[in-house]
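Single-letter residue listing:
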Amino acid sequence: MREIQFREALREAMQEEMRTDSTVFLIGEEVAEYNGAYKVSQGMLDEFGPERVIDTPIAELGFGGISVGAAANGLRPIVEFMTFNFSLVAMDQVINSASKIMSMSGGQYSCPIVFRGPTGNAGQLSSQHSSNFENWFANTPGLKVVVPSNPADAKGLLKASIRDNDPVIFMESEVMYGDKGFVPDGEYLIPIGKANIVKAGKDVTLVTFGKMLSRVVMPAVEELEKQGISVEVIDLRSVRPIDYLTVVESVKKTNRCVVVEEANPLAAISSEITYHLQRWAFDFLDSPVIRVNSRDLPLPYAPTLIEEILPSVERTVKAVKQVLYRS
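Attention in this report is confined to the structure presented alongside it.

Procedures and definitions
Residues numbered from 1 in each chain as written. Predicted model: local features only at pLDDT ≥ 70, side-chain atom pairs only at ≥ 80, totals over all residues. Heavy atoms only, no water. Core = buried A, V, L, I, M, F, W, Y, C linked by side-chain atoms within 4.5 Å. Buried < 20%, exposed > 50% of the residue type's maximum accessible area, 1.4 Å probe, protein only. Contact = heavy atoms within 4.5 Å. Helix = DSSP H or I, 4+ residues; strand = E, 2+ residues; numbered from the N terminus. Pairing = 2+ DSSP bridges. Axes fitted to C-alpha atoms, helices over the stretch in contact; angles between N-to-C directions. Expected span 1.5 Å × (residues − 1). Bend = angle between axes of the 7 residues up to and from the residue. Right-handed = clockwise from strand over helix to strand, strands pointing away.

**A look at the nonpolar core**
F115, F137, I169, L236 and L277 are the most contacted members of the largest nonpolar core, which has 44 residues in total. With sequence-adjacent residues up to four places away left out, L236 is seen in contact with K194, A195, V207, T208, F209, I242, V247, I269 and I273.

Given below as structure tokens:
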């Protein structure tokens, strides 16, 4: 085991896959000469050269389309978006091309491509750089959507994503690139679609994914444990596919659930989890499922307003006490 940064874990995953598979390449804005906007691809140009670590113009539509074509013809592109807010410019390539090639060609073409980059709030970046699109992409048949919460998962899931024959949306967080964590030595992969029970508990199940785990959920759990509340924590890891079985089995044990998600509440992943719980664990629920999402507003610039809109430790603690009928 080694302790490394989140960005280093991502880099190791890409380097290892590029060393063993010559069809894998990295493409995006500033990934080569500048070593990546967040230094994820630092040193990769020196190792693999400009034909496999490719700088592009500011044109997501263009390099997104080129990469989908490359994937359909046998290569395995890793496409870096400087932020998933910019992926909207390439949405036609992602949604109408990458996700549908397999079905529209009757299985003649696959599209083994990874679209990766940061999602969600990263501080005072205002509305156009702070959106969460996990539920958008997860609503698209043909895509897989992965949202790691720590360096070990980042490496294991990215390697699995690069090897996958389907298009994968791999969503990170700017605020997590410097996070440190222990990563296993040697070959390390995590299967897409299997949730992680981060912590066992008996009173309530807390479901989350991505940076909400370290920034909100675990600090809330620490506070709740001080008050004698035993919390089971589930990290979904991927939101398409979702590991419903792990969540349902946990709630059958704890009889209560709170879902914490950074995205806005309408048609969110938390809504989907809540539906499945009332469908498959209704008789085990001792209280309604509560969701903790961002307020249904564009994220402002002022830090005081950001704090009011985003999920918080305080709101999560309050939600847990609500499902337990405690004041």
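**A short note on the side chain of S161**
With respect to the helices, strands and loops of the structure, S161 is situated in helix α7 (residues 151-163). Aside from chain neighbours lying at most four places away, what touches S161 is V114, V146, V168, F170 and I192.

**Topic: the environment of E29**
With respect to the helices, strands and loops of the structure, E29 is situated in the loop between β2 (24-28) and α2 (44-48). Excluding residues within four positions of it along the chain, E29 makes contact with D55, T56, P57, I58, A59, E60, F63, E80 and M82.

**Some remarks on helix α12 (residues 313-323)**
When we look at burial in α12, the residues that qualify are T316, V317, A319, V320, K321 and V323. Downstream of α12 by one or two residues, Y325 has phi in the positive range, about 55 degrees.

**Regarding the sheet that holds strand β10 (residues 204-208)**
The strand order across the open sheet formed by 5 strands is β9-β11-β10-β13-β14, and the pairing between neighbours is mixed. Edge positions in the sheet fall to β9 (196-199) and β14 (290-292), since each has one partner strand and no second. Across this sheet, the average inter-strand angle for adjacent strands is 25 degrees, counted without regard to direction. Across 5 bridges, the pairing between β10 and strand β11 (residues 231-235) is parallel. Across the sheet, residue L206 finds its bridge partner in β11, namely V233. Where helix α8 (residues 212-226) meets the sheet, its contacts fall on β9, β10, β11 and β13 (257-260), and the angle it forms with β11 comes to roughly 170 degrees. The strands that helix α9 (residues 244-254) touches are β9, β10, β11 and β13; relative to β11, the one it contacts most, it runs at about 175 degrees.

**Regarding α8**
Look at α8: 20 Å from first C-alpha to last across 15 residues, which is about the 21 Å you get at 1.5 Å a residue. Roughly 25 degrees is the biggest bend found in α8, and it falls at M218, with proline P219 one to four residues downstream. Residues of α8 that are buried: M212, L213, V216, V217, A220, V221 and L224. Buried-residue contacts for α8 involve β9, β10, β11, β13 and α12.

**Regarding the pairing of β11**
Most of β11 is tucked away, with 5 of its 5 residues classed as buried. Neither face of β11 is open: one carries V231, V233 and D235, the other E232 and I234, and all of them are buried. The pairing of β9 with β11 spans 3 bridges and is classified as antiparallel. Looking at β11, one finds that K199 is bridged to V233. A crossover connection joins β10 to the parallel β11 through α8; in handedness this β-α-β unit is right-handed.

**Some remarks on the sheet that holds strand β7 (residues 168-172)**
Ordered by their spatial adjacency, 7 strands build an open sheet running β3-β2-β4-β5-β7-β6-β12, and the pairing between neighbours is mixed. Where the open sheet ends on each side, the last strands, each with one partner, are β3 (53-55) and β12 (238-240). Across the sheet, the mean angle from the axis of one strand to that of its neighbour is 20 degrees, orientation sign disregarded. Of the strand pairs in this sheet, β2 and strand β4 (residues 76-80) are connected by 5 bridges, and their pairing is parallel. Each bridged residue has a counterpart across the sheet, and for V24 the counterpart in β4 is R76. Packing of helix α3 (residues 60-72) onto the sheet brings it into contact with β2, β4 and β5 (114-118), and relative to β4 it is tilted by some 160 degrees.

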